[in-house]
Each structure stands twice: as C-alpha cells, then as structure tokens.
Amino acid sequence: MVENGVAYLVLLIIIASSIVFLEKKTQHKLFESLPAIVIIYFTVMIFSTFGLWKKTESITETYTFLKSYLLPAMIFLMLLSADMRQIFKLGKKMLLTFFLASVSIAIGFIGTFSLFHTYFEPGSWKAFAALSGSWMGGTGNMVAIQGALDLPDSSMGYTLLIDSIDYAIWVMILLALVPFSRTFNLWSKADTSIIDEVGEKLTLLNEKHKRPMSLFSLFILLASSLIISYLAQSMAIYLPTTPFLTMSTWVVIIATLSGILFAMTPLAKLSGNSQLGSIMLYLIVALIASRANFTELTEAPLYIVSGFVIILIHGSIMVLFAKLFRLDLFSLGVASLANIGGVASAPILASAYSKALIPIGVLMAMMGYIVGTFGGLMVGKILEMIAQ
C-alpha cells in the first residue's frame, strides 16, 4: 500500500503514461469510443477502490499542491490556441450556429435538472454544472468548473460516465447523418456556398502559421503557464468572494482570461501548448480519480438517462432553428460536437463532409474552450437556484 506522496505521484504518472502509450501503439477500436482520458479516470478509480494508496498527510499534501498549481496552468495552455481573430473569420452564420448549440445545451441542462433534481442527492447540481462546462467546451472546462465549485472528486465519476457514454452515442448519430446532409439542407433551404470557401481559407492560414515544436518553446510555455498559475492564486486572495464566487472560482476566471488575451500574442505561435496542456489535464484527472471509488456511483443509471434527455432537448432546438434560419446540417453537427465533444471530435465530423472543412471544426472547438467555463458557471448558478 502506497503512503508516500512522491510514490503516489509516480504511480499516477505511470498509469496515465501507460494508457496513452497503449492508445498510440495499438490504435485499438476501444479508444475510438472511450478516449484515453476516460480510461485513465476509471483505471485510477479502480486502484483507489481497492485501496492501493491511503489518504495520508504526505499524499494529501501532494494532491492539494499539484492540483492547485496544475489547474490554472492547464487552463492557460489550452486557451492559447483559441485566437479570437481567427475565430471571427468563421463568419456570422457559423458563429451564431455555435452559440445556438451552446444555448440549447444550457437549456437542456436547466430543463432536465428541473425535471429530475429531486431524485438526485444534495449538491448534484455541481456535477451537472461541471458536465455543462464539458459539453459547452471540453474536459479541461469540466475540470476547471470542478475546481471552481469545489465539486467532490467522488462526484466526478458521474460526469465522466455521461460524458463518455452519452457523448459516444451522439457522435455515432451525427456521423450516421452525414449522407443525409443534402436532403436536410433542401428541407431547411440552407445555402452552403460559403462553407467550402471559409474552410479553404482557414486551411491556408493554419499551414502558414504552423511552427515545429522545440525545447525552447516547451520551456517558455511551461514557465509562462506556471507564472500565470502563481499570479492567479496570488490575485484571487484579494478579490471579493460570495458563496458562489469563491477564491477557487476567481483563480479559474483569471487563468481563463489570461489564456484568451495571450492567445493574441506571439506566445501563442510557439508550438507545444496543446501537448503540455494535455499532460497536465491527464495528471489532474488521475489526481481527481485517486480520491474516488466505485462504491459511490450509486445513481449512475439516472445520470446517464439525464444525459440523453439533455441531448434530446439540444437536438430538438437545433433542428427547429435550422428550419427557421435556414441552417445546414454540417454547421449544426460541427457546432454541436464543438460543444459536446470538443477538439477531439468536431474535426472528425468536419472531415466526414470534406477535408477542407477540418479547420472549421478545430476553430469551433477552440471557441468552446473559451465559453465552456463561463457558460458552465452560469448554468451552475441557475441549477443551484433550482436545487434550493
């Protein structure tokens, strides 16, 4: 049984790196439906359930220190790719479609929680708030909201269950609808002439700014992210707090705003931010999972059903507005996955329509990283009011 903080950290790194290695080495179909980050969570959770480590003072100190510094650093690095100047080049119609997806997802969460909240345990609104951050951005947003709202690590199992099971089925549905895009577009009377043009322009722009990764860029990005992490925590101490807007929330907000601002500076042109951010994210998820166990997931089926209700509400609103505003199936699907799936799946759906459209999926997903944390916190506030 592990009782030392350093040994505990080494063990988590070995577990996470082994799963990432298996994903890259085997290319197994399992990783198509269950991303490595989800497998890391539940693998670590299994070890935690069987008591491979104890919550000793050394392990608790290691957990608290690492999570508090890695979280804002990870948020900053993830947002360095979200350059608002490039995002605006998507055009009004695609931006409006993205925000329609975000708003309809928020409505789905509010409506579903209003129907089922009496069946959940007290404080479940925090789990749904974290999931809403993920479904309007990505896993990084979910982890950010978990930290901002002090959501217990044990409840993160529910959010990741919905995030993996419900999301995987939604991806399959959207991919299955690709052959019917022409029929749908005729029904909605959508004009798709601008989409190919925007996609080709963004492809050329991305190729122009692509730079190779170097040791210099990795060190600069690592140093910058840790400086932002330290400053965010130092500044948060002096900011006013409320029962909802805690010091942890301020840390997340400061790191998010810093990432958005620095994404428009030369720092964002350095390659390696997504790789460093992903390493931090995987480690944070492993840390969270190490404090949970399977005996606490007693309401899993109800959470999974709730996830499908959220998607049903979201999809219904999207189809309704497609008819009203003549939106095409490509824009609807990619906007939906840019929110619910993030950068891992939106480009895949975009490529199913055309390789030239991949940058649109990437940029929409980047926009999700920007709005996911703020959107999730807003949804969380409404869910808290419903729960009272």
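Scroll up to find the structure this text is about.
Everything numeric in this text was worked out from a predicted model, so none of it was measured.

Caption draft 1: A nonpolar patch on the surface, seen in detail. On the surface, Ile165, Ile169, Met172, Ile173, Leu177, Phe180 and Phe308 cluster together into a nonpolar patch covering about 600 Å² of accessible area. Position of isoleucine 173 among the secondary structure elements: in helix 9 (residues 156–176). The class of isoleucine 173 is partly exposed, set by a relative accessible area of 39%.

Caption draft 2: Representation of empty space enclosed by the protein within the structure. The final tally for this structure, using the stated rule, is 3 cavities of 30 Å³ or more. Taken as a whole, the largest cavity spans an internal volume of roughly 70 Å³. Met74, Ile75, Met78, Leu79, Gly140, Asn141, Ala144, Thr256, Tyr369 and Thr373 are the residues that line the largest cavity. For the lining of the largest cavity, the secondary structure elements donating two or more residues are helix 4 (57–79), helix 8 (139–148) and helix 18 (358–387). Of all the elements, helix 4 adds the most residues to the lining of the largest cavity, at 4 residues. When the residues that make up the lining of the largest cavity are grouped by side-chain class, the tally is 6 nonpolar, 4 polar and no charged.

Caption draft 3: Examining unusual backbone geometry more closely. One non-glycine residue, lysine 189, lies in positive phi territory at about 60°. When you line up the elements, lysine 189 lands in the loop between helix 10 (181–188) and helix 11 (193–209). One non-glycine residue, arginine 326, lies in positive phi territory at about 55°. By secondary structure assignment, the location of arginine 326 is in the loop between helix 15 (300–325) and helix 16 (329–340).

Reading guide: rules and limits
- Residues numbered from 1 in each chain as written.
- Predicted model: local features only at pLDDT ≥ 70, side-chain atom pairs only at ≥ 80, totals over all residues.
- Heavy atoms only, no water.
- Patch = residues over 30% accessible without salt bridge, like charges linked within 9 Å, V, L, I, M, F, W, Y side chains within 5 Å.
- Areas by Shrake-Rupley, 256 points an atom, 1.4 Å probe, with all protein chains shown as cover.
- Salt bridge = Lys/Arg side-chain N within 4 Å of Asp/Glu carboxyl O.
- Helix = DSSP H or I, 4+ residues; strand = E, 2+ residues; numbered from the N terminus.
- Buried < 20%, exposed > 50% of the residue type's maximum accessible area, 1.4 Å probe, protein only.
- 1 Å grid on protein atoms, 1.4 Å probe; cavity = no way out; pocket = protein on both sides within 12 Å on 5 of 7 lines; lining within 4 Å.
- Points joined across faces, edges and corners; volume = space filled by probe spheres on them.
- Nonpolar A, V, L, I, M, F, W, Y, C, P; charged D, E, K, R; others polar.

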